[in-house]
Amino acid sequence: MSRRFFPRLLTACLVLTLGSGTVAASGPAPAGPSASTAPGRAAAPYCYDEPSQPNADLSDLKAAFTSANWMRTLQAMYKRRWPSGEALAIAQARDPYWDQFVNKRSFEGFAESMMVAIHEETHMWDLDPSRTKWDVHIAAWINGNQQALTVPVHGGFPRKEILPLIKDRLTSSMDNTYLRDRTQGEYLLQGVLAELNAGLTGLPAVTVLQEHIKGIGASNARDIAATNLRYLLLYLRVAKDKHPDYWARIKAEPKLRDLVLTQFLRTAYWLEKSAPYTGKLGSRDADKITATNYAPENIAVLEEFTGRKVRLDAQKHCTAE
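Below: a short report on this structure. Everything quoted here is computed from the prediction, not taken from an experiment.

When its secondary structure is counted, the chain shows 12 helices and two strands. When burial is assessed residue by residue, the chain has 56% of its 321 residues classed as buried. Taking the intrachain contacts of the chain between residues at least 6 apart in sequence as the baseline, contacts between residues at least 24 apart amount to 75%. Accessible area of the chain: about 13,700 Å², with a carbon and sulfur share of 53%.

We now examine the side chain of Ser-113. Among the secondary structure elements, Ser-113 is positioned in helix H5 (residues 107–126). When sequence neighbours within four positions are dropped, the list of residues in contact with Ser-113 reads Phe-101, Val-102 and Asn-103.

The geometry of helix H8 (residues 221–242) relative to helix H10 (residues 254–274) is characterised by a closest axis approach of 10 Å and an angle of 155 degrees between their N-to-C directions. When the interaxial angle is binned, H8 and H10 end up roughly antiparallel. The two elements H8 and H10 meet at a crossing, and its hand is left-handed. Contacts between H8 and H10 involve Arg-222, Ala-225, Ala-226, Leu-229, Leu-232, Leu-233 and Leu-236 from the former and Val-260, Phe-264, Thr-267, Leu-271 and Ser-274 from the latter. Here the residues of the contact of H8 with H10 are counted per class, giving nine nonpolar, two polar and one charged.

Next up on the list: helix H2 (residues 70–81). Here H2 spans 16 Å end to end across 12 residues, near enough to the 16 Å set by a 1.5 Å rise per residue. Taken residue by residue, H2 has Trp-70, Met-71, Thr-73, Leu-74, Met-77, Tyr-78 and Arg-81 as its buried positions. Burial along H2 is one-sided: seen end-on, the buried residues are contained in an arc of 160 degrees. Set apart from the buried face of H2 by more than 90 degrees, the exposed residues are Arg-72 and Lys-79. On its buried face, H2 is in contact with helix H1 (59–64), helix H3 (83–91), helix H4 (98–101), H5 and helix H7 (189–207).

Within strand E1 (residues 137–143), six of the seven residues are buried, leaving the element largely enclosed by the surrounding structure. When E1 meets strand E2 (residues 146–152), the two strands line up antiparallel, connected through five bridges. Following the sheet pairing, His-137 is matched in E2 by Pro-152. The antiparallel pairing of E1 with E2 creates a hairpin that spans two residues between the two strands.

Taken as a whole and judged by the stated rule, the model has two cavities of 30 Å³ or more. Put simply, the largest cavity is a space of about 70 Å³. Considering the residues around the largest cavity, the lining is formed by Asp-126, Leu-127, Thr-132, Ile-138, Ala-139, Ala-140, Gln-190, Leu-193, Ala-194, Asn-197, Leu-259 and Gln-263. Those elements giving two or more residues to the lining of the largest cavity turn out to be E1, H7 and H10. Broken down by element, the lining of the largest cavity gets its largest block of residues, four residues, from H7. A class-by-class count of the residues in the lining of the largest cavity yields seven nonpolar, four polar and one charged. Roughly 30 Å³ of volume is contained in the second largest cavity. Taken together, Ala-226, Leu-229, Thr-267, Ala-268, Leu-271, Thr-290, Asn-293 and Tyr-294 make up the full set of residues lining the second largest cavity. Contributions of two or more residues to the lining of the second largest cavity are made by H8, H10 and helix H11 (285–293). Of the residues in the lining of the second largest cavity, the class split is five nonpolar, three polar and no charged.

Right, let's get into the nonpolar core. Counting residues in each nonpolar core, the largest one holds 90 residues, and the members touching the most others are Met-77, Tyr-78 and Met-114. Ranked by residue count, the leading element in this core is H8, at 13 residues.

By volume, the second largest pocket amounts to about 190 Å³. In terms of lining residues, the second largest pocket is bounded by Arg-222, Ala-268, Leu-271, Glu-272, Ala-275, Asp-287, Thr-290, Tyr-294, Asp-313, Ala-314 and Lys-316. Looking at the lining of the second largest pocket, the elements with two or more residues in it are H10 and H11. Residue classes in the lining of the second largest pocket are distributed as five nonpolar, one polar and five charged.

How each quantity is defined
Residues numbered from 1 in each chain as written. Predicted model: local features only at pLDDT ≥ 70, side-chain atom pairs only at ≥ 80, totals over all residues. Heavy atoms only, no water. Helix = DSSP H or I, 4+ residues; strand = E, 2+ residues; numbered from the N terminus. Buried < 20%, exposed > 50% of the residue type's maximum accessible area, 1.4 Å probe, protein only. Contact = heavy atoms within 4.5 Å. Areas by Shrake-Rupley, 256 points an atom, 1.4 Å probe, with all protein chains shown as cover. Axes fitted to C-alpha atoms, helices over the stretch in contact; angles between N-to-C directions. Parallel < 35°, antiparallel > 145°, perpendicular 65-115°, else oblique. Left-handed = near helix turned anticlockwise from the far one by under 90°. Nonpolar A, V, L, I, M, F, W, Y, C, P; charged D, E, K, R; others polar. Expected span 1.5 Å × (residues − 1). Arc of directions from axis to C-beta. Pairing = 2+ DSSP bridges. 1 Å grid on protein atoms, 1.4 Å probe; cavity = no way out; pocket = protein on both sides within 12 Å on 5 of 7 lines; lining within 4 Å. Points joined across faces, edges and corners; volume = space filled by probe spheres on them. Core = buried A, V, L, I, M, F, W, Y, C linked by side-chain atoms within 4.5 Å.

In structure tokens, the structure reads:
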């Protein structure tokens, strides 16, 4: 992401633009991360979930697809398979930058391009200046029924400060872009959260279309989600260890704690859903990155920050009782 506007948008370096979202945003669902069973009692268990029907028939949409009806096709295919994608497409339907992200030459190319297109349109919605004030508060399109608004981030420190905690080369290509780059490495907490949120829409966008993807255009979708979660967890660790005043400030923000917990569980949810398509939607490194995300020191900082215990068994998209 960059504060400057320039005409050509790239996935690795999104710009802040005037988006065109029209859907009214809502706060966390009543059964969300902070929901409690009764005053004074522990919060109820919370599992991240959202509707999807990855086997819904798209044969008629594929047969009728043309470069002229791509937006109608996009909304129709996600209405059947992933309603959150339809809702985002409706919210962003007037955004003029869709054309830079969408492959209209074939239905297969179209499906493959959805990782980038949905990722970038999520940025466009999130970073609309009516919702986000840079390094002050942020917005996040989570799914069709849940959007986070005015989540305080209180600035932060450059995300490049997490580099000493990365001891492997599993994320080296993304590290070079987001952490070592002279500009990108200076982004604060907003940059970390924005990239994770976009990665968590780009992944389901292609997971539910996987049988139509023939090329390599979505082949790092799982890696992007796992890597950006890594960045968030390491950012929290550096905040606690190196910036205690900042740590205390963000830890006192319920909206931010809820967002962090939701994104952690949401990452687990979609990595599990997409796991059968490793190779097409991600490298085997995605699972290795995920394993490091569940290292005791990362889980400890997550649970301390959010005040919730997370499950480490087969139900990783849930909190523990």
